[in-house]
Amino acid sequence: MNFARTLEFTLNGRVLSGADGSIASPSMRLLDLLRLQAGQTGTKEGCGEGECGACAVLVDGEVVNSCLVPVGQLHGRTVMSIEGLPRTDPLLEAFARAGATQCGICTPGMILAARALLDRQPDPSLDEVREALAGNLCRCTGYARIYAAVLDAATVRGGDA
Amino acid sequence: MPIPERRDGFPGTRGAVGAPVVRKDAAAKVLGEARYVDDLVYPGMLYGATVRTRAAGGTIERIEFGPGFDWSSFVVVAAADIPGVNATRMIEQDQPVLACDRFRHAGEPVLLLAHPDRGLLQEALAAVTVHESPNPAPVFSIDDALALRGEVCPGNVFRDYLMSRGDLAAGEAAAEVVFEGRFETGAQEHVYIEPQGMIAHVDAGGVLVVEGSMQCPYYVLDTLTAVTGRDAGAVRVVHCTTGGGFGGKEEYPSHIAAHAALLSLKAGGRPVKLVYDRAEDMLATPKRHPSRTLVRIGARRDGRLSFLDMDFALDGGAYTTLSPVVLSRGVIHAPGPYACANARVRGRAVATNHPPNGAFRGFGAPQSIFAIEQAMDGLARQLGMTPLELRRVNMLRPGDRSVPGQLIDDTTDFDAVLEQALRESDYLARQEAFAASNAANAAAGRPLRKGIGLATFHHGAGFTGNGEVVLASEARVRANAEGRVQVVASSSEMGQGNTTTLCQVVAGALGLPLDWVTQAPVDTHDVPDSGPTVASRTCMIVGLIVEQAARGLRAELIGKAGLPATAADEHAFAAACARYLDAHPRLEAQARYEPPANVAWDETVFEGSPYASYAWATYVAEVDIDLTTCEVALSGFTAVQEVGRVVNPVIAAGQVEGGVVQGIGFALFEKVVRDGNGAMANNRMTNYIIPTTADVPPVRVFFQEQPGGTGPSGAKGLGELPMDGPGPAILSAVNFALGTRIACLPVLPEDVLAALQAAPAPEVA
Amino acid sequence: MNSAATAASEWYRPTSLADALAIRASARGAVVAIAGCTDLMVGWNAGSRRLPSVLDLSALPELGAIEVGPDAVTIGAAVCCARIAAHPAIAGRLPMLASSARQTGSIAIQNRATLGGNIMNASPAADNPPVLLAFGARVTLASVRGSRTLDYAAFHTGYKRTLAEPDELLVSVTVPYPAPGASSHYRKVGTRRAQAISKVALAALIETTDRAEDGTRRVRDARFGFASAGPVPLTAPSLSAALRDSPLPAIDRLLVERALASDLSPIDDIRSTAAYRRQVAVNLVMAALAEASQVP
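Thresholds applied
The written sequence of each chain sets the order in which its residues are numbered from 1. Chain letters start at A and ligand numbers start at 1, both assigned in the order the entries are written. Only residues with pLDDT of at least 70 get local features here, since the model is predicted, and only at 80 or more are side-chain atom pairs given and counted; chain-wide, interface and lining totals rely on the full set of residues. Neither water nor hydrogens contribute to the side-chain values; these are computed over all heavy atoms in the structure. Numbering of helices and strands runs from the N terminus, with a helix taken as a DSSP run of H or I at least four residues long and a strand as a DSSP run of E at least two residues long. Throughout, radius of gyration means the C-alpha value; the globule benchmark is 2.2 Å times the number of residues raised to the power 0.38. Three labels apply to residues, based on accessible area from a 1.4 Å probe with only protein chains included: buried if under 20% of the type maximum, exposed if over 50%, partly exposed otherwise in between. Contact between two residues is taken to exist if any of their heavy atoms lie within 4.5 Å; hydrogens are not considered. Only the protein chains shown count as cover for residues, with accessible areas throughout obtained via the Shrake-Rupley method and a probe of 1.4 Å. Only four residue types enter the charge count, namely Lys and Arg as positive and Asp and Glu as negative; His and the chain termini do not. Just so you know, the charge point we use is NZ for Lys, CZ for Arg, CG for Asp and CD for Glu. Defined in terms of a 1.4 Å probe, buried area is the accessible area two parts forfeit on being brought together, summed over both. Any Lys or Arg side-chain nitrogen found within 4 Å of a carboxyl oxygen on Asp or Glu counts as a salt bridge. Any pair of N or O atoms that falls within 3.5 Å is considered a polar contact. Within protein, one atom must be able to donate a hydrogen and the other to accept it, and sequence-neighbouring residues count only if both atoms are side-chain atoms. Throughout, the edges of the domains are those of an automatic or database domain assignment. By definition, two strands form a pair when at least two bridges between them are found by DSSP. In this count, Pro and Cys sit with the nonpolar residues alongside Ala, Val, Leu, Ile, Met, Phe, Trp and Tyr, while Asp, Glu, Lys and Arg are called charged and the others, Gly among them, polar.

K.L.:
How should I be thinking about the overall build of chain C in this particular structure?
P.N.:
In terms of helices and strands, chain C carries 11 helices and 16 strands. Taking 19 Å as the expected radius of gyration for a compact globule of 296 residues, we find that chain C reaches 20 Å, a close match to that expectation. The dimensions of chain C, computed from C-alpha atoms along their principal axes, are 70 × 45 × 30 Å. A burial count over chain C gives 58% of its 296 residues as buried. If you take every contact in chain C between residues at least 6 apart in sequence, the share linking residues at least 24 apart comes to 62%. Here chain C displays about 11,400 Å² of accessible surface, and carbon together with sulfur accounts for 52% of that area. Put simply, chain C has 30 plus and 24 minus side-chain charges, and the middle of one group is 7 Å from the middle of the other.

This is how it looks when you write it as structure tokens:
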């Protein structure tokens, strides 16, 4: 049995599989699959060693660095990149309004890391936001407006509940 | 969040200036839809790679292509393949695009490869060996270079400036207290999160098109025409969404563009993508210049400065690049915002065998301002005054002349800036409380120490001296028949928000809703040269030009298309545009920068008014130091500045917050470690440490707005200012907490420990 | 930026330990065992397209459990740091381990990085080994030849070398509960406050006697683990011996300095200096002892 051909997982609601060629190889980095094979370039490469978080995506709702995930380990899992985040997610507007995006290269990963935080802690404190985003480096904003955006989005979501 | 309230619009506008509008690029960026160079893929695209030197200078003996590869399947470019000049066009043309014989530093590009398979390309890159005859006596320090222990270039000095005022000897004779010190700052890497990259191809019309990540499209064009021998009509430079610059994408993109272009030309015009990975980016691209400043400063007992003598030197690295202008800005800012009648600042940009250093936010000023601020603290100590008192005595005030010779005639109330910073940070009370708690902790053997420090400074916006006259920047504004307007300029968005602020200025001038105004894509075949996107000049200088162009457009519509001169809304504007375009082929107005009358600078004697506007600031840093580990944690930061009219308060505050955190990194974390060849040894994000969210509390930002700036509606330049203050303020806080006299940045825990061991150490639990 | 064409020769994803061990045995060390990949894939990026064959341990149930026993917690080698940090029994009984797991890289790293990988990668700077050393953990290795359990303190034999044979896999780590009333103290000194590699780290577990009538108490047993203080994660046998029966809090700093001088062998590298590491190691031990003396 060839594992590569049985491999399948869900990316942004769509099933990818080794059998139909939408997964080229189990040893491919998830980052490369997203950017080069799936053509979804919202996930960025900043360092290639899990340090900057620009490539962060959610796997089963948990934030991971896609540069350090071989797709062979995603069998049966659900992956969400920025392209799969619902456009109604309050983080999107909160980031735009707060000025939490400048050059924008860290923004998709930052938003997904924030989404993972808000899913497990819908009403975080500033310190919890700072802890949750410590794996996502931003060189433009000094982070203050990112904190504000996440706290603001938490308020919006809280209003829905 | 202390964002100032928006002001009413100035008369005749829709209030777009001063409004905290959402950035124009925000939606594309939060959705991940903005396209950066590495996101672009073309059919038939090749990937490029660069073979580099290893030694710290020497001679290239030969290049060996290893076995096991079909080298004919690779595009290979060496210096001999360059059709034009083998040099990037900067101030001097001493830096080769590809080294071919003698070279000066590790990491110098020698050979370029391209191939459609990037995996194979990476393997092939490792199979090319450059046989070098290394320079036996490389020079790695400013002191060694100045002492001529080894020669990088004749004399080892790229530039030597002298700014001299008054009578130094008389000032020394009058001094009752003198402080002397030596201050150093290290190299700093930009760490824009998007690494550098370019894609080149030749289009169907035979035009060489180069697109990528950059700050200065016309710099890139200038190098490309020189290197390829093509005229500007046969080369097109297109700016992609750029993931941060901070000066790091000012000069080096010209190299990468030239490399990609040479590969594409050799490959018959096929697209070639040359995008660096992080390690190569950190290894190859310029850093902030390391500095060494010797200061002698004297005062009368009352604190009034009687003389200032500074010897300021920058490590320029192996080629000239932008070092002369970085140096001149450093020299001009060296005396700080203080009055001193007898002053001398000598500045030298020194050649070493390090990879060249270059532009980085602040551009020489953070280094010299660090030195003067620390020297002021030292002098205050010697005088028995507080640092605050000494600054109050000597601060420049309206009617004074600065050391460079500029009459302080803007409306800035620098005392008010200082006072607000003291108030917002509760400086005096905290200073007292921290001293008391430090004494109590020392007595009880507890390891916590607290410190507070301040820096007062100003930063000139725009090119230094006659630079803006020479640039003679041009921009246009054009409209279509629906009344939709484009700002047409080469000023490049890299995150700082200038697309939005320029559109706000134009929308304000035309009385239009902001969404009627956009910036045209930055493409050298369409946009004029509005100058490089550097030097805190875009909002202030280019903003003024586009405002003038917008007024010209409006006048044209009033004169020729019946636009009512008053009370015209956007519908009247659109109707006038439609009428105009029925009769004319295009609707466009151009403007060129006219320097204000107060700017006159004599570079030969370094005298005059080097900048049209200065932003003024006082920053206060608070630190907690744990003597168990000697770690310094920032516990608070207050940044108060006067920046003229704030065009967009969210963007402006974001510039300050981001700049301050880069300054925190410069002060406490960021150290470029060199290997034996002078190359960056910690060229990974894992080992070059920039602040994370856990390291920085929210920075408290306050603006004072006095419309004294020479930019649109009284705006001043802002982008670089926040880089100047954190270094000296943080080090002052550290020295306050520990009673040490540390004089170098960055100050890492290892340095704190060494300083405590050199001084009588407090007891540690 | 990096090769998209990376392709391992073979990709094995067994779903039982027996299958995994068989593959490990037949490959004779020619397969790379992977779990969280947070260290390993950094190397993949920069390297060649042609990767070795891969044995993915992430689907083995035997490596994925946390078992809470009466005397110890046994943690599967492929359990990630996030699960360790969040586990109530670990947080309650082995708080140092919850703490080190929570300081292993960023949250994105903790969601992937495994305890087994942190041990088997054998970096002297690894975050969890000092805690395991201080707690006196045991590691269980398995191969087709059988399984064995070793004291973790003996496991690292030299820089990037361990007692594991090429056909063995690390299956689990057993961490005994400390004696009631023992004082534990973990401090990682990194290059910054989060997402950092340690410059030096200390885990200390200090058992003391009951307070004597004069209010003093003595060290009954003190065990330490250090990161980034030598070629491997280190215990401090001289220090442990020197401290036995010493009275708290009046422990002489010189005694600690002397003992650590022989226990530790820190170096200068791109992250810190030997001098700093040595000095701060002493300070951390003194702080741990001060804390132990204050336990009620």
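Continuing now.
K.L.:
What is the right way to read the interface of chain A and chain B from this model?
P.N.:
Quite often, the size of an interface is put as the accessible area lost when its parts meet. Counting residues at the interface gives 42 residues for chain A and 54 residues for chain B. Here chain A packs against chain B, burying approximately 3,900 Å² in sum over the two surfaces, 57% of which is carbon and sulfur. When the buried area of chain A at its contact with chain B is split by residue, Gln102, Arg139 and Arg145 of chain A rank highest and sum to 21% of it. The tally of links between chain A and chain B comes to seven salt bridges. Residue Lys44 of chain A pairs with Asp39 of chain B through a salt bridge whose shortest N-O separation is 2.5 Å. Our enumeration of links across chain A and chain B arrives at 30 residue pairs in polar contact (both at pLDDT 80 or more). Looking at the side of chain A that touches chain B, the elements with two or more residues in it are α2 (30–37), α3 (90–98), α4 (107–120), α5 (126–132) and α6 (144–160) of chain A.

K.L.:
Can you help me understand the domain arrangement of chain B in this one?
P.N.:
Residues and elements named next belong to chain B. Here the domain parsing of chain B yields domain 1 (26–34 + 473–592) and domain 2 (420–459 + 613–765). Distance from the C-alpha centre of domain 1 to the C-alpha centre of domain 2: 39 Å. Contacts between domain 1 and domain 2 engage 13 residues on the former and 15 residues on the latter. With both chains or domains summed, domain 1 and domain 2 bury close to 1,100 Å², and 62% of this area falls on carbon and sulfur atoms. Considering only the side of domain 1, the residues that lose the most area to domain 2 are Gln496, Ser536 and Met540, jointly responsible for 47% of the buried surface there. Inspection of the region where domain 1 meets domain 2 yields zero salt bridges. Remark: the boundary between domain 1 and domain 2 carries three residue pairs in polar contact (both at pLDDT 80 or more). Among the elements of the structure, α14 (498–510) and α15 (538–561) are those that each provide at least two residues to the side of domain 1 that touches domain 2. Top element by residues in the side of domain 1 that touches domain 2 is α15. It accounts for five residues.

K.L.:
How do you make sense of the pairing of strand β14 (residues 198–208) of chain C when you look at a structure like this?
P.N.:
All names here are of chain C. Of all 11 residues in β14, 11 are buried, a share of seventy percent or more. Of the strand pairs in this sheet, strand β13 (residues 183–190) and β14 are connected by eight bridges, and their pairing is antiparallel. Along β14, the bridge assignment pairs Gly190 with Ser198. Relative to strand β15 (residues 217–227), β14 runs antiparallel, the two being bridged by eight bridges.

K.L.:
Just to check I follow, could you spell out the interface of chain C and chain A for this structure?
P.N.:
Taken together, the contact between chain C and chain A spans 31 residues of the former and 31 residues of the latter. Summed over both sides, the interface between chain C and chain A buries roughly 2,500 Å², with carbon and sulfur atoms accounting for 55% of that surface. Summed over the shared surface of chain C and chain A, the result is one salt bridge. Applying the counting criterion to the chain C and chain A interface returns six residue pairs in polar contact (both at pLDDT 80 or more). Taken together, the elements giving at least two residues each to the side of chain C that touches chain A come down to β1 (7–8), α2 (40–46) and α6 (107–110) of chain C. The biggest single contributor to the side of chain C that touches chain A is α2 of chain C, with four residues. A class-by-class count of the residues in the side of chain C that touches chain A yields 16 nonpolar, 10 polar and five charged.

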